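Notes for the structure review
Single-letter residue listing:
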Amino acid sequence: MAPHDISDRADCDRLVRAFYGRALEDPIIGFIFVDVAKLDLEAHVPRITSFWETILLGARSYSGGAFRPHAELHAKVRLREGHFTQWLNLWSRTVDELFAGERAELAKAHAQRVSQAFLARLHYVPSYVEPTPLTTGLTVTQHGPRAR
Ligand code: HEM
Ligand code: HEM
């Protein structure tokens, strides 16, 4: 059966759960949900589902304030452009796998806008961690004589 467009809350729920199935295991952003935010998925999924139901289906189930938890996260992990890029990759892939149509396109486009807006706003939010390279597991060491 050809994929249909996102058309009700159950579709939003399915999309969000499929996305988190990936995001939590992702080598680049997974740790942010699992180790840093210690996300309670069953509490979180209905909120995110409402967010998308509001954007895509005109429901009024989400009351706003999406930026704030990201500012709090940023204080702990310093969210960088690469994290958002990866978030968007996973989101777009999940949308495309499950749905097709105008709302599916809107889901991807709006995620991109929100992502850009969050990244721009985070610029003004303090982070208490030093910038680190995006990929962990490699340590950069310096050898040779020390500059005097
Ligand atoms: C169908 C129409 C739309 C609906 C229902 C909608 C809904 C929403 C909702 C619920 C949020 C989250 C707000 C929050 O939690 O604070 C949001 C954020 C945002 N939307 Fe839309 N949106 C729509 C169209 C658009 C369009 C056309 C644009 C730009 C061309 C746009 C750009 C943004 C941006 C940049 C944010 C992030 C704002 C921020 O927190 O910095 N949206 N939208
Ligand atoms: C680097 C990328 C991102 C990461 C790591 C991330 C992570 C998180 C985490 C851990 C939470 C839960 C915070 C808490 O309640 O403790 C959260 C909440 C949320 N995120 Fe993100 N997020 C990212 C990008 C985005 C983007 C691009 C969007 C929108 C398109 C988004 C939409 C939301 C919404 C709507 C909530 C719920 C806010 C509420 O409780 O009302 N996130 N995010």
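Just so it is clear, the model here is predicted, and its values are computed rather than measured.

**Observations concerning the coordination of the iron atom of ligand 2**
Inspection of the coordination sphere of the iron atom of ligand 2 shows a single protein donor, His 70 (NE2), at 2.0 Å. Looking at the element boundaries, His 70 is found in helix H4 (residues 67–77).

**Points about the layout of surface pockets**
Reported here for the largest pocket is a volume of approximately 820 Å³. Tyr 20, His 44, Ile 48, Pro 69 and His 70 are the residues nearest the centre of the largest pocket, which is lined by 32 residues in total. Mapped onto the lining of the largest pocket, the elements with two or more residues apiece are helix H1 (9–23), helix H2 (30–36), helix H3 (41–57), H4, helix H5 (81–98) and helix H6 (102–122). With 6 residues, the single largest contributor to the lining of the largest pocket is H3. Classifying every residue of the lining of the largest pocket by side-chain character gives 22 nonpolar, 5 polar and 5 charged.

**A few points about the packing of aromatic side chains**
Taken as a whole and judged by the stated rule, the model has 9 aromatic pairs. Aromatic side chains Tyr 20 and Phe 33 sit 5.6 Å apart centroid to centroid with 85° between the ring planes, which places their arrangement in the edge-to-face category. Here the residue Tyr 20 occupies a position in helix H1, and Phe 33 occupies one in helix H2, the gap between them amounting to 13 residues. Residue class for Tyr 20 comes out buried when judged on its relative accessible area of 4%. Consider the rings of Phe 51 and Trp 52, whose centres lie 5.0 Å apart with planes at 90°: the pair is edge-to-face. Taken as a pair, Phe 51 and Trp 52 share a single burial class, namely buried. Each residue in the set Phe 19, Tyr 20, Phe 33, Phe 51, Trp 52, Tyr 62, Trp 87 and Trp 91 is aromatic and connected to the rest through ring pairs, giving one cluster.

So, how was this worked out
- Residues numbered from 1 in each chain as written.
- Chains lettered and ligands numbered in written order.
- Predicted model: local features only at pLDDT ≥ 70, side-chain atom pairs only at ≥ 80, totals over all residues.
- Heavy atoms only, no water.
- Donors = N, O, S within 2.8 Å, 3.2 Å for Na, K, Ca; no water.
- Helix = DSSP H or I, 4+ residues; strand = E, 2+ residues; numbered from the N terminus.
- 1 Å grid on protein atoms, 1.4 Å probe; cavity = no way out; pocket = protein on both sides within 12 Å on 5 of 7 lines; lining within 4 Å.
- Points joined across faces, edges and corners; volume = space filled by probe spheres on them.
- Nonpolar A, V, L, I, M, F, W, Y, C, P; charged D, E, K, R; others polar.
- Phe/Tyr/Trp six-rings, centres within 6.5 Å; stacked < 30°, edge-to-face > 60°.
- Buried < 20%, exposed > 50% of the residue type's maximum accessible area, 1.4 Å probe, protein only.

Honestly, that's just the spatial picture; any functional story needs more than this.
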